[in-house]
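Observations on chain architecture
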Amino acid sequence: MKKALLLLALTAASPALARDTVTKVKLADVMALPEAKQKLDGSVKFFMAGAKTPNVLKTLGSDTSNKKTNGVGKSDDYACKWAALSAIIALQEGAKKNGANAVVNVVSYYKKVEFKSATEIECHAGSFVTGVALKGDYATIAR
């Protein structure tokens, strides 16, 4: 009995063996997915922070999209692209609701920590769940 309690106490005190692998995926690779071509209608354009952006006529607020996917049986790369696409789809829906035709200054925002890149999205792949969080500004841009 004492051994069982000791084992239980040691197990509870040890840190969790959770995996959190940081992976970067290119926005262009996410947009090239067949599912992206089906779900994104082209009415909203996306521009990462630091990328060349057309003239912004009006900003219409900011938003964050935090999406997760089941990573079991998927490569980190594929799961990250899938989670990133889900986050982009959510931003597209928000842009439409706010009358925007673009989401500009897009940054990765996982656990409220910004990662800025003109071309890449940061993703966190765990043993079971993979997640992407994006933050951006809804805007009307010149066409």
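Residues numbered from 1 in each chain as written. Predicted model: local features only at pLDDT ≥ 70, side-chain atom pairs only at ≥ 80, totals over all residues. Heavy atoms only, no water.

Points about the overall build of the chain
Condition: The secondary structure listing takes helices from DSSP runs of H or I that are at least 4 residues long and strands from runs of E that are at least 2 residues long, numbered from the N terminus. Relative accessibility decides the category of a residue: with a 1.4 Å probe and only protein chains considered, values under 20% of the type maximum give buried, values over 50% give exposed, and everything between is partly exposed. We call two residues in contact when some of their heavy atoms are within 4.5 Å. Here, Shrake-Rupley sampling with a 1.4 Å probe gives the accessible areas, and only protein chains in the shown set may cover a residue.
Scanning the chain from N- to C-terminus turns up four helices and seven strands. Going from N to C terminus, the chain has its helices and strands arranged as α-β-α-α-β-β-α-β-β-β-β. Classification of the 143 residues of the chain by burial places 38% in the buried group. Of the contacts made within the chain by residues no fewer than 6 positions apart, 83% connect residues no fewer than 24 positions apart. Here the chain displays about 8400 Å² of accessible surface, and carbon together with sulfur accounts for 58% of that area.

Digging into the pairing of strand 6 (residues 120-125)
We count it as follows: Each pair of strands is called paired provided DSSP finds at least two bridges between the two strands.
Burial analysis of strand 6 places five of its six residues in the buried class, which makes it a mostly covered element. Looking at chain direction, strand 1 (residues 21-26) and strand 6 are connected through six bridges and run antiparallel. Residue pairing in the sheet places T23 in a bridge with C123 of strand 6. Here strand 6 pairs with strand 7 (residues 129-141) via two bridges, running antiparallel. Bridge pairing in strand 7 places A125 opposite T130. Linkage of strand 6 to strand 7, two consecutive antiparallel strands, is achieved through a turn of three residues.

Overview of the packing of aromatic side chains
Here is the rule we go by: Each Phe, Tyr or Trp ring (for Trp, its six-membered ring) is paired with any other whose centre lies within 6.5 Å, and the angle between the two planes then decides the class: stacked below 30 degrees, edge-to-face above 60, tilted in between. Two conditions define a charge sitting above a ring: the NZ of Lys or the CZ of Arg must be within 6 Å of the ring centre, and it must be within 35 degrees of the ring normal.
Applying the stated rule across the entire model yields one aromatic pair. On the numbers, 6.4 Å between centres and 20° between planes, the contact of Y78 with W82 is stacked. Here the residue Y78 and the residue W82 both occupy positions in helix 4 (residues 76-97), the gap between them amounting to four residues, near one helical turn. If you follow K24 out to its NZ or CZ, it ends over the ring of F115, 4.6 Å from the centre.

Considerations on the side chain of S65
Put simply, the test is: In the analysis that follows, any N or O atom pair within 3.5 Å is treated as a polar contact, provided that within protein one partner can donate a hydrogen and the other can accept it, and provided that, for residues neighboring in sequence, both atoms belong to side chains.
Residue position: S65 is located in strand 3 (residues 56-70). Polar contacts involving the side chain of S65 include one to the main-chain carbonyl oxygen of A87, which spans 3.2 Å. Not counting the four nearest positions on each side in its chain, S65 is found in contact with S86, A87, A90, L91, V132, A133 and L134.

As for the environment of R143
Checked against the element boundaries, R143 lands in the segment after strand 7. The spacing of R143 and N101 is 42 residues in sequence and 9.1 Å in space, taken between C-alpha atoms. Not counting residues up to four positions away in its chain, the partners in contact with R143 are S43 and N101.

What about the nonpolar core?
Threshold: For the purposes of this section, nonpolar cores are sets of buried Ala, Val, Leu, Ile, Met, Phe, Trp, Tyr and Cys residues that join through side-chain atoms within 4.5 Å.
Judged by nonpolar contacts, the single largest core of 26 residues is most densely connected at L85, I88, V103, I121, V132 and L134. The set of elements that each furnish at least two residues to this core consists of helix 2 (27-31), strand 2 (45-48), helix 4, strand 4 (102-110), strand 6 and strand 7. In terms of residue count, the dominant contributor to this core is helix 4 (nine residues). Beyond its immediate stretch of four places on either side in the chain, V103 contacts V44, K45, F46, F47, L91, A95, G136, D137 and Y138. Ranked by size, the runner-up nonpolar core spans five residues in total, among them F47, V104, A139 and I141.

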